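# A closer look at the structure
Below are the chains, spelled out letter by letter.
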Amino acid sequence: MQNDQTNRQGRLFLALFLSLAVWMGINYVFFPPPPPKPKNLEKDSKETAETKDPNSNKSEIKPQTKIEEKVSSLSKVNPTDIKTYSIRTDSFLVKFSSLGGRITEYYIKDHKEPDGSEFIIAKDPKFQIEFDGISEKAVELSRGQGFDFNLIDDKDMIPFSPFNLVNFSSNYDEKLKLVTFEAPSPDGKYLVQKQFQFFPSENYFKFSLKIKNKSNETIKLSSGNSDIYLRSFGSLGPILKKKEDFNDRDQAHYFRYYYLDGSFKDHIDSTSTQGFFDNLFGSNEGKDTRFEIKKGTDTKVDFVGTGSRYFIGVLDPLNEQPSGVLLDNRKGNETGVLLVYDNWKLGPGEEMDLSYAAYVGVRELDGTAFRDSSLDPFVNKESTFAGLSEYLDKSFNQGITTPLRNGIVWVLKKIYLVIPNYGWAIVIFAILFKLAFYPLNKKQAESMKKMQELSPQIKALNEKYADDPKLKQEKTIELYRKNGTNPMSGCLPMLVQIPIFIALYTAFSDTVDLWNSPFLWINDLSEPDTVFTTPKLALIGSIGINVLPLVMVVTQVIQSRMTTVSTDPNQKMMMYMMPVIMLYFFWSMPSGVTMYWTMQNILSIVQQVYTNKFGKTEEKPSTNSPTPANNQNANARPGFRNQSQKKKK
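It should be emphasised that the depicted structure is a prediction, and the values quoted were computed from it without experimental measurement.

### Quick look at the side chain of N333
Its place among the elements puts N333 in the loop between strand 22 (324–328) and strand 23 (337–341). Within the structure, the side chain of N333 is placed 3.1 Å from the backbone oxygen of D328, a separation counted as a polar contact. With near-sequence residues (within four places) excluded, N333 lies in contact with S235, R256, D269, S270, T271 and D328.

### Thoughts on the nonpolar core
Counting residues in each nonpolar core, the largest one holds 76 residues, and the members touching the most others are F96, F205 and F311. Considering every element that reaches this core, the biggest residue donor is strand 25 (residues 351–362), with eight residues. When residues no more than four places from it in sequence are discounted, the contact partners of F96 are K83, T84, Y85, I87, R102, I103, T104, V179, F181, F196 and F198. In terms of nonpolar packing, the next biggest core, distinct from the first, is built from 31 residues, L412, A430, L504 and L514 among them.

### As for unusual backbone geometry
In this chain, I158 is followed by P159 through a cis amide linkage whose omega measures 10°. With respect to the helices and strands, P159 occurs in the loop between strand 10 (150–152) and strand 11 (169–173). Here the amide bond leading from G237 into P238 is cis, since omega sits at 5°, within 30 degrees of zero. Along the polypeptide, P238 turns up in the loop between strand 16 (228–231) and helix 3 (248–252). Even without being a glycine, N516 presents a positive backbone phi close to 65°. Structurally, N516 is set in the loop between helix 9 (492–510) and strand 26 (530–533).

### Some words on the pairing of strand 14 (residues 204–213)
Counting buried residues in strand 14 gives eight out of 10 residues, a clear majority hidden from the surface. By the bridge criterion, nine bridges tie strand 13 (residues 190–198) to strand 14 in an arrangement that is antiparallel. Within strand 14, the position partnered with F196 by the bridge is F207. Where strand 13 folds back onto strand 14 in an antiparallel hairpin, the turn is made up of five residues. Note that strand 14 and strand 25 share nine bridges and pair antiparallel. Its bridge partner being in strand 25, Y204 is matched across the sheet by Y359.

### Some remarks on the sheet that holds strand 9 (residues 134–140)
The strand order across the open sheet built from five strands is 3-4-5-9-8, with neighbouring strands paired in antiparallel fashion. Where the open sheet ends on each side, the last strands, each with one partner, are strand 3 (84–88) and strand 8 (128–131). Within this sheet the neighbouring strands show an average axis-to-axis angle of 45°, counted without direction. Looking at chain direction, strand 8 and strand 9 are connected through four bridges and run antiparallel. Its bridge partner being in strand 9, I129 is matched across the sheet by E136.

### Remarks on the confidence of the model for the protein chain
The share of residues in the protein chain with pLDDT of 70 or more is 74%, and the mean pLDDT across the chain is 78. Counting contacts from residues 1–20, a segment whose pLDDT is below 50, to residues more than four positions away or on other chains yields 16 contacts. Confidence drops under pLDDT 50 across residues 620–649; counting only partners more than four residues distant or on other chains, this segment forms 40 contacts.

### Some details on the environment of Y172
Positionally, Y172 belongs in strand 11. Overall, Y172 belongs to the partly exposed group, its relative accessible area being 25%. Sequence separation between Y172 and I87 is 85 residues, and the spatial gap between their C-alpha atoms is 9.7 Å. Filtering out sequence-adjacent residues up to four positions away, Y172 remains in contact with Y85, S86, I87, K177, L178 and V179.

### Some remarks on the packing of helix 5 (residues 402–418) against helix 6 (residues 422–436)
Relative to each other, helix 5 and helix 6 sit at 120°, their axes nearing to 9 Å. Comparing the axis directions of helix 5 and helix 6 gives the class oblique. Judged by the twist between their axes, the crossing of helix 5 over helix 6 is right-handed. From helix 5, I408, V411, L412, K413, I415 and Y416 reach across to helix 6, where they touch Y422, A425, I426, I428, F429 and L432. Residue composition of the contact of helix 5 with helix 6, by class: 11 nonpolar, no polar and one charged.

### Quick notes on a nonpolar patch on the surface
A surface patch of nonpolar side chains, amounting to about 860 Å² of accessible area, comprises L417, V418, I419, W424, L520, W521, V531 and F532. Looking at the nonpolar patch, the elements that each hand over two or more residues are helix 5 and strand 26. Turning to its location among the elements, L417 is positioned in helix 5. Under the relative-accessibility criterion, L417 is labelled exposed at 60%.

### Some details on the pattern of salt bridges
Using the criterion set out here, one finds 15 salt bridges in the structure. Here R88 and E136 are joined by a salt bridge, their closest N and O atoms 2.3 Å apart. Taken together, the residues R88 in strand 3 and E136 in strand 9 connect sequence positions 48 residues apart. Judged by its relative accessible area of 15%, E136 is buried. Here K294 makes a salt bridge to E292, at a shortest N to O gap of 2.9 Å. Overall, the relative accessible area of 28% leaves K294 in the partly exposed class. Taking relative accessible area as the criterion, E292 reaches 17% and is therefore assigned buried.

### Examining the environment of E527
Checked against the element boundaries, E527 lands in the loop between helix 9 and strand 26. The exposure class of E527 is partly exposed, given its relative accessible area of 31%. Each C-alpha atom of the pair E527 and P590 lies 4.2 Å from the other, and the pair is 63 residues apart in sequence. Dropping the residues within four chain positions of it, E527 is found in contact with R309, M589, P590 and S591.

Here is what the cut-offs are and how they apply
Residues numbered from 1 in each chain as written. Predicted model: local features only at pLDDT ≥ 70, side-chain atom pairs only at ≥ 80, totals over all residues. Heavy atoms only, no water. Helix = DSSP H or I, 4+ residues; strand = E, 2+ residues; numbered from the N terminus. Polar contact = N/O pair within 3.5 Å; in protein donor to acceptor, adjacent residues only side chain to side chain. Contact = heavy atoms within 4.5 Å. Core = buried A, V, L, I, M, F, W, Y, C linked by side-chain atoms within 4.5 Å. Buried < 20%, exposed > 50% of the residue type's maximum accessible area, 1.4 Å probe, protein only. Pairing = 2+ DSSP bridges. Axes fitted to C-alpha atoms, helices over the stretch in contact; angles between N-to-C directions. pLDDT = per-residue confidence, 0-100. Parallel < 35°, antiparallel > 145°, perpendicular 65-115°, else oblique. Left-handed = near helix turned anticlockwise from the far one by under 90°. Nonpolar A, V, L, I, M, F, W, Y, C, P; charged D, E, K, R; others polar. Patch = residues over 30% accessible without salt bridge, like charges linked within 9 Å, V, L, I, M, F, W, Y side chains within 5 Å. Areas by Shrake-Rupley, 256 points an atom, 1.4 Å probe, with all protein chains shown as cover. Salt bridge = Lys/Arg side-chain N within 4 Å of Asp/Glu carboxyl O.

This is how it looks when you write it as structure tokens:
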């Protein structure tokens, strides 16, 4: 018997070791170390730095080395010649500058939903801003760096564009909410016109790019050997803590993505797109891996964009699909995804007119819906947004359980309308979820009760057939069959709920409604419920003390003791190991997720106590019971330990 237990424990430790190895492998794949830079590229790999423009209150990209040489011929702009424009819509506040013809600030503000309900995005007082002299509650999504929407003809200059130093001529049509910028290219060969049009009730805006050849000869803006790149959105905000304080989970909230040849790809910002196998086999050795160009072969590029925990920015070409995308692999990159165009040729006086749909807003399906049906290209084929991709929902990056996740969010919002607090909404949702799965949970509780009742007989079989594992297994299965129970039946409810829990995690983690939502002692349901932070300790730094994970572990231990068959040493081991593992995973999870799990544990304990006390189980006499004493023990009241065991002790 001892050898059998030792072998099983050895297999268990092997399984845990393999699980840990798989977990480390996943981390290496999704968070790979940056590839080493080739020695001959060290000098060219300097990243652009940010510096304060004395004429602006925002950060501007400062060109360096090669970039400085390329723009040195550009005349300096007189600050008094720079024009700025402001646009207000129902949901956004946007500022433009003629210097670069670009968006300098982009805010999402509190607004009303189409159903008339209030959408509160800026709950924290720190989001109180001044916009054109008016106090507003709004969250900046442009990170203080703006959005370029400018061309770049040399990837070594990314993310800087020479057009960022050009002062465009400009005008603003307030009625149409249309800003127009126009300027010659740095070499004077072609004219660039950019237009941004906003719509009062929409989360979309229209971007148009027109390029006209001003010379008397055919010009090549790009060729097979030289592409041209369009940069729209850089990394999206908001940034809520210092970047040096980011952990892997924080970093994973910021990502870039593209839809190319019918396939969606996404990568975490500030990291390389090179994967595990690229580095494992040394296929990149000696290559310049700072930038990567991926070109399509069939449907080409559908859309590109960037995202953060609650928001996304998408650029969707409407009339001419780019040939590919350019990705910045340098460490700390905030470049986003650039569109790649090739074979651009313009004859004398010839022009090219490109149109794009741009969406900026929450990572929710409701956000991408058109408020004005006349602008919806799927309703009105003559819409200015005709050609919009059918697959923009892919950009939400919420996994295969998105339909379940959206259903959960919908239920939470409905509960919130009755009880305007998302903490109580989660508690009520946990109760409703438990009731919805009551038949399965009831079966699980009854199965656990039967297993507890059979515990003495199983123990006797283990002792009697300790030297014959095969016969012991046959006798145990026979005992289960004669008593109408199945140890695996208790696992069914858990297996069914795994995809639901994944959906719950994404719902509670990435739903903007829970952001900055307080509940009892919890300040923010989207973050851990840290009540105290220790001073910085050697090697490990400061540690946040979180209450909910500790409460969750206590309930997990109680539940495990009530449902674990005491004769199985493996189950005993897992009973004590699982809470430690759960504590590790839940320690830094959003408190909304931990609170839901804790509520489920408490409800399961209540149900198990009720089943043990009042539940009826079908009694089937066992003709092959090992001993009369064991039969007597089998009828003992179940619990942590049955009464006969207590008396004997």
